[in-house]
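Single-letter residue listing:
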Amino acid sequence: MHDAIVIGGGLGGLTVAIELAGKGFSVIVIEKHAYPFHKVCGEYISNEVRPYLEHIGLDINKLGASTINKFQLTSIKGKSLHSPLQMGGFGISRYTLDYELYRIALNIGVQFELNASVEDTQRINDTFFVDTNTNKTFQAKVLIGSYGKRARVDKVIQRPIPKQQTSYLGIKYHISLDYPKDLISLHNFHGGYCGISAIEDNKFCLCYLSQTSNLKHKSGIKQMEEDILYKNPFLKEIFTNAEFLFKKPEVINEVVFVSKSQVHENIIMVGDSAGLITPLAGNGMSIAIRSGFFSAQLITEFLQGNINRTELEKLYISNWNSNFRNQLWRGRQLQKLFGKEKISELAITFLKNLPVLMPLVIRSTHGKVLEFDH
Ligand SMILES: Cc1cc2nc3c(=O)[nH]c(=O)nc-3n(C[C@H](O)[C@H](O)[C@H](O)COP(=O)(O)OP(=O)(O)OC[C@H]3O[C@@H](n4cnc5c(N)ncnc54)[C@H](O)[C@@H]3O)c2cc1C
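These notes cover the structure that comes with them. The numbers attached to residues start from 1 for each chain and follow its sequence in the written order. Local features in this predicted model are restricted to residues whose pLDDT is 70 or higher, and side-chain atom pairs enter the listing and the counts only when it is 80 or higher, whereas totals over whole chains, interfaces and linings include all residues. Only hydrogens and water are removed before side-chain values are computed, so all heavy atoms of the structure are retained for them.

Paired rings are identified among Phe, Tyr and Trp, the last through its six-membered ring, by centres lying within 6.5 Å, and are further divided according to the angle between planes into stacked (under 30 degrees), edge-to-face (over 60) and tilted (the rest). Under the criterion given, the structure shown has 15 aromatic pairs. For the ring pair Tyr 173 and Phe 244, a centre distance of 4.8 Å and an interplane angle of 80° mean the geometry is edge-to-face. In this pair, Tyr 173 is assigned in strand β10 (residues 168-176) and Phe 244 in strand β14 (residues 243-244), connecting sequence segments 71 residues apart. Put simply, the rings of Tyr 35, Phe 37, Tyr 99, Tyr 102 and Phe 112 touch in pairs and so form one group of aromatic residues. Both a distance and an angle decide whether a charge sits over a ring: NZ of Lys or CZ of Arg must be within 6 Å of the ring centre and within 35 degrees of the ring normal. In this structure, Arg 50 is placed above the aromatic ring of Phe 90, and the distance from its NZ or CZ to the ring centre is 5.1 Å. Helix and strand labels come from DSSP, where a helix needs a run of H or I of at least four residues and a strand needs a run of E of at least two; each type is numbered from the N terminus.

Have a look at this one:
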């Protein structure tokens, strides 16, 4: 019997696991894949969590992460707006970042069940039972759901997820390109937007979110890119000059931005499982880490007998809401301005005429620096 089981070893799950194991609790992470592996993500990570990641032993400079402190936004017709990024961030691939956190977790005593998918969960009295497709059952006092944007687990635990009218897909490439390393660009196209920023090893991450309907009547992703993304002259230039380093892109379907519950059937939800911020905010990774961190603080209190399960759940929901609810809402409202020709054109013209506004818009989608005990 473990103190805690973590379903999904992304940034949220690894953070909870590292924090709990660091306090001497026994933790197992059940992860569908084996590290290292690629994930659809823009790979720009806000400096909100940089001091924390360095504190737990991640040597960001040594890993070759890029330093990003400039922002560019372009409209479908090719209008461009530049702004400094106040807090800024860094660029590092999820392949490297998740793998390095996995190694930190292993060193601190976290156990892993890799290449294993959670198939069923139930709670009997005060114990959770978790079954995997590797025909194993694990038991623990606390169960953490950090299985990301969408998962079979939601169906298994009968968690109601509201339907979203528009369905999105996410696509990622690593590319080689002659492009500024300190810049994150966000390029609009009909029904979506595409981010480009530098990561380690002189590579760039090119990642976009598109309405799934863009694929209708197209022979595939390539034709969609040529017919729709290339209408933005910046994207056409990037796509035609870049060297694509993957044989095929990383793709995810059915990305949803609806509000979710932070606790379901006594399972504490962390990161995207609790709520996904629209990618244009460049803040989902930081939210996953921050929610992983503060969930672990409260779970510690529960495991030490200082609060009961009801108090743990209430405090977690209230913490989540005060930290992220408004930020997620603002991200959803901003996304409505993107991917629509006239609106994005007007918004960029407006922001170009009032340059003081842009830093305020950026700040509204960002959170606070994660504070921790040294
Ligand atoms: C197109 C796009 C671009 C983005 N760009 C950025 C960006 O530039 N910056 C940023 O900060 N955020 C960005 N985000 C958001 C960011 O990727 C997420 O918010 C972040 O990865 C959340 O971390 P997580 O730990 O909650 O989930 P994940 O990192 O998704 O981890 C979930 C883990 O659970 C595992 N899993 C799933 N189901 C099961 C199961 N049944 N059993 C076992 N394991 C399971 C998965 O394999 C995965 O490893 C982007 C999102 C999208 C869609």
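Another aspect to go through is the side chain of Ser 185. With respect to the helices, strands and loops of the structure, Ser 185 is situated in strand β11 (residues 183-189). Distance and chemistry together define a polar contact, namely a pair of N or O atoms within 3.5 Å, with one atom able to donate a hydrogen and the other to accept it when in protein, and with adjacent residues in sequence counting only for side-chain atoms on both sides. Polar contacts involving the side chain of Ser 185 include one to the side chain of Gln 72, which spans 3.0 Å. We call two residues in contact when some of their heavy atoms are within 4.5 Å. Those residues in contact with Ser 185, other than ones at most four positions away along the chain, are Gln 72, Tyr 179, Cys 194, Gly 195 and Ile 196.

On the surface, a cluster of positive charge is contributed by Lys 32, Arg 150, Lys 155 and Lys 163. Among the secondary structure elements, Lys 163 is positioned in the loop between α4 (152-156) and β10. To count toward a patch, a residue needs a relative accessible area above 30% and no salt bridge. Like charges then connect within 9 Å, nonpolar side chains (Val, Leu, Ile, Met, Phe, Trp, Tyr) within 5 Å. Areas reported as accessible are Shrake-Rupley estimates using a 1.4 Å probe. Residue values count occlusion only from the protein chains shown. One side-chain nitrogen of Lys or Arg within 4 Å of one carboxyl oxygen of Asp or Glu is enough to make a salt bridge. Counted charges follow a simple rule, with Lys and Arg positive, Asp and Glu negative, and His plus the chain ends left uncounted. Charge positions come from single atoms, namely NZ of Lys, CZ of Arg, CG of Asp or CD of Glu.

Before going further, it helps to examine helix α1 (residues 11-22). To estimate how far a helix should reach, multiply one less than its number of residues by 1.5 Å. If you check α1, its first and last C-alpha atoms are 16 Å apart, about what 12 residues at 1.5 Å a residue would give, namely 16 Å. Burial classes: relative accessible area under 20% of the type maximum marks a residue as buried, over 50% as exposed, and values in between as partly exposed (1.4 Å probe, protein chains only). Of all 12 residues in α1, 11 are buried; the element is thus mostly enclosed. Among all positions of α1, only Leu 11, Gly 12, Gly 13, Leu 14, Thr 15, Val 16, Ala 17, Ile 18, Glu 19, Leu 20 and Ala 21 are buried. Looking at the residues trailing α1, positive phi occurs at Gly 24, about 95°.

The subject of this paragraph is the site of the ligand. Summary of the distance rule: residues count as near a molecule or strand when at least one heavy atom falls within 4 Å of that molecule or strand. Around the ligand, a shell composed of 36 residues is seen, among which Glu 31, Gly 42, Tyr 44, Arg 94 and Asp 272 lie nearest. Contact distances for the ligand include 2.7 Å between an oxygen atom and a side-chain N or O atom of Glu 31. A distance of 3.2 Å separates an oxygen atom of the ligand from a polar side-chain atom of His 33. Protein contacts shield 95% of the accessible area of the ligand, which totals 1,000 Å² for the unbound molecule. In this classification, the charged set is Asp, Glu, Lys and Arg, the nonpolar set is Ala, Val, Leu, Ile, Met, Phe, Trp, Tyr, Cys and Pro, and all remaining amino acids, among them Gly, are polar. Across the shell around the ligand, the residue classes break down as 16 nonpolar, 13 polar and seven charged.

With that out of the way, let us pick up the packing of α1 against helix α7 (residues 284-303). The relative placement of two packed helices comes down to the angle between their axes together with the axis-to-axis distance. In the contact formed by α1 and α7, the axes pass within 7 Å of each other and the chain directions differ by 30°. When you trace α1 past α7, the crossing you get is right-handed. On the side of α1, the interface is formed by Leu 11, Gly 12, Thr 15, Val 16, Glu 19 and Leu 20, while α7 contributes Met 285, Ala 288, Ile 289, Gly 292, Phe 293, Ser 295, Ala 296, Gln 297, Ile 299 and Thr 300. In terms of residue class, the contact of α1 with α7 is made up of nine nonpolar, six polar and one charged. Between N-to-C directions, angles span 0 to 180 degrees; the directions come from axes that are lines fitted to C-alpha atoms, helices contributing only their stretch in contact. Each crossing gets its hand from how the near helix is turned against the far one by less than a right angle, where anticlockwise is left-handed and clockwise is right-handed.

With that settled, the discussion passes to the nonpolar core. Core analysis: the biggest nonpolar cluster contains 74 residues, and Leu 20, Ile 45, Leu 53, Leu 101 and Ile 144 have the highest contact counts within it. Among the elements that make up this core, the one with the highest residue count is α7 (11 residues). With residues up to four places along the chain from it excluded, the contact list for Leu 101 reads Leu 11, Leu 14, Ile 18, Leu 53, Ile 56 and Leu 58. Ile 199, Cys 205, Met 358 and Ile 362 belong to the second largest nonpolar core, which has 26 residues in total. Among buried residues, the Ala, Val, Leu, Ile, Met, Phe, Trp, Tyr and Cys ones that are joined through side-chain atoms within 4.5 Å form a nonpolar core.

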